[in-house]
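So the chains spell out like this:
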Amino acid sequence: MTTGLPGAAPAATPRPTVSLSADEARRIALRAQGLLGAPDRRAGVRGVLRALGAVQLDTISVLARSHELVPYARLGAVGRQTVDAAYWTGAHSFEYWSHAACVLPIEEWPHFAFRRRAFRERGHRWHVMKDREGSCAAVRAQLAAEGPLTTAELGGGRKGGEWWDWSERKIAVEWLLDIGEVVVSERRGWKRVYDLAERAVPASLLHDDLDESECLRRLVAQAGAALGVATRADLADYHRLKAEQVESVVADTGLVPVEVQGWPRRAWADPAALAGTPRGRHRTTLLSPFDSLIWDRPRTERIFDFTHRLEAYVPKPKRVHGYFAMPLLAGGRLCGRVDPAREGTTLVARQLSLDGAKAVEPMARALGEAASWVGCDAVRVERCTPEPLRPHLRSALDALGL
């Protein structure tokens, strides 16, 4: 890492005075994401959520759901009930639209005021209600009288057609969620549980007072801290902002403009990430395809030289790596992937690929830890690429008692 004297350019477009190698940038990113160095077990799952700023939710459940896999990747075999309790008890988090549908730290509620206002100004998201005033009033009244409720308890989510053929009540409660009158207070059996925001959000946070610039400054700064070092596109993607929104505030976030060798565009770094050389033990683990370390495909290719694509929605004959291929992180590199499943107490690697013999032992360890976490005591490998590495992987698994 090399530095120079601060330039005299205007604050809006400062010249980079810090140069990072591609390897330094990669290590900074890993540390910022909690995957390099000792994990903060005292802070636990809530600490992971605060550090990342957003944990993506998704309906797919293979080994576990993605919001459970994210803290697992950083903390190890933390219990799944512990994860849910950390998210959904004590008003520590809420669910809203960030990178996608995400669990967010409750203290970030005020900083999504700009998005709630945008929904109000637009007047709808996907569906238009036949009687918006009456339907919303009915949902508010039922929640006020009965407390937190699922869609089914509010009267049902669908009219009987496809999944997007929502009932008027479902459209109403989702609209109230969009504009901030309703909060998802927990997930119960993967069903959203809705409550009135005035009951679920601490009074000190329950406001939309912050203007757009202040909201954007906070979210861009938070994305920068969670990413460690990032291009403008990286910063925008984290909370799904527009490039011009990032550009309008980035000079006022405290992020430091940097140059990264091999990166074609200007980047910004969190000052704390530049304060010292990233050191510590690298985590060996399987990553959810929705993990914030890799959810941005161009960034993943730039940092790790690894092409990652979720193939769950790709027709089966066209899949290359499998339905829910989980990348293997080891030694600070992405060096393989596996499409897992469970059959009783056996973890099945339906399709597994390794980036050479050096990835065999880390893959065996990652599979062993994952198997133990989900209550499996054996691992079976169905397809292995390259095939000559199969016996070496099997030997490594046998040595682990799997």
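Right above here is the structure, for reference.
Residues numbered from 1 in each chain as written. Predicted model: local features only at pLDDT ≥ 70, side-chain atom pairs only at ≥ 80, totals over all residues. Heavy atoms only, no water.

On to the overall build of the protein. Scanning the protein for helices and strands turns up 16 helices and 17 strands. Taking 2.2 N^0.38 as the reference for a compact globule, 402 residues should give roughly 21 Å; the C-alpha atoms of the protein span a radius of gyration of 23 Å, in line with that estimate. Projected onto the principal axes, the alpha-carbon positions of the protein cover approximately 65 × 65 × 40 Å. Each of the 402 residues in the protein was classed as buried or not, and the buried ones make up 54%. Sequence-distant contacts, at least 24 apart, represent 65% of the contacts inside the protein between residues at least 6 apart. With an accessible surface of roughly 18,100 Å², the protein has 50% of that area assigned to carbon and sulfur atoms. (Helix = DSSP H or I, 4+ residues; strand = E, 2+ residues; numbered from the N terminus. Rg over C-alpha atoms; globule rule 2.2 N^0.38 Å. Buried < 20%, exposed > 50% of the residue type's maximum accessible area, 1.4 Å probe, protein only. Contact = heavy atoms within 4.5 Å. Areas by Shrake-Rupley, 256 points an atom, 1.4 Å probe, with all protein chains shown as cover.)

What follows covers the packing of aromatic side chains. Under the defined criterion, the tally for this structure stands at 7 aromatic pairs. Ring centres 6.3 Å apart and planes at 65° place the aromatic pair tyrosine 87 and tryptophan 88 in the edge-to-face group. Neither tyrosine 87 nor tryptophan 88 differs from the other in exposure class; each is buried. In this structure an aromatic cluster arises from ring pairing among Phe94, Tyr96, Trp109 and Phe112. (Phe/Tyr/Trp six-rings, centres within 6.5 Å; stacked < 30°, edge-to-face > 60°.)

Below, the discussion takes up the pairing of strand S10 (residues 256-260). Alignment of strand S2 (residues 18-20) against S10, held across 3 bridges, turns out to be parallel. Its bridge partner lying in S10, valine 18 is registered against valine 258. Two elements, S10 and strand S11 (residues 267-269), share 3 bridges in a ladder whose sense is antiparallel. Paired with valine 256 across the strands is alanine 269, a residue of S11. Here S10 folds back onto S11, and the loop between the two strands holds 6 residues, one of which, glycine 262, carries a positive phi near 90°. (Pairing = 2+ DSSP bridges.)

Once that is clear, we can look at the packing of helix H3 (residues 66-75) against helix H15 (residues 360-373). Where H3 contacts H15, the two axes come as close as 12 Å, and the packing angle between them is 125°. It follows from the interaxial angle that H3 and H15 lie oblique. Every pair of crossing elements has a handedness; the one defined by H3 and H15 is right-handed. Note on element contacts: H15 touches H3 through Ala366, Glu369, Ala370 and Trp373, opposite Glu68, Leu69 and Tyr72. (Axes fitted to C-alpha atoms, helices over the stretch in contact; angles between N-to-C directions. Parallel < 35°, antiparallel > 145°, perpendicular 65-115°, else oblique. Left-handed = near helix turned anticlockwise from the far one by under 90°.)

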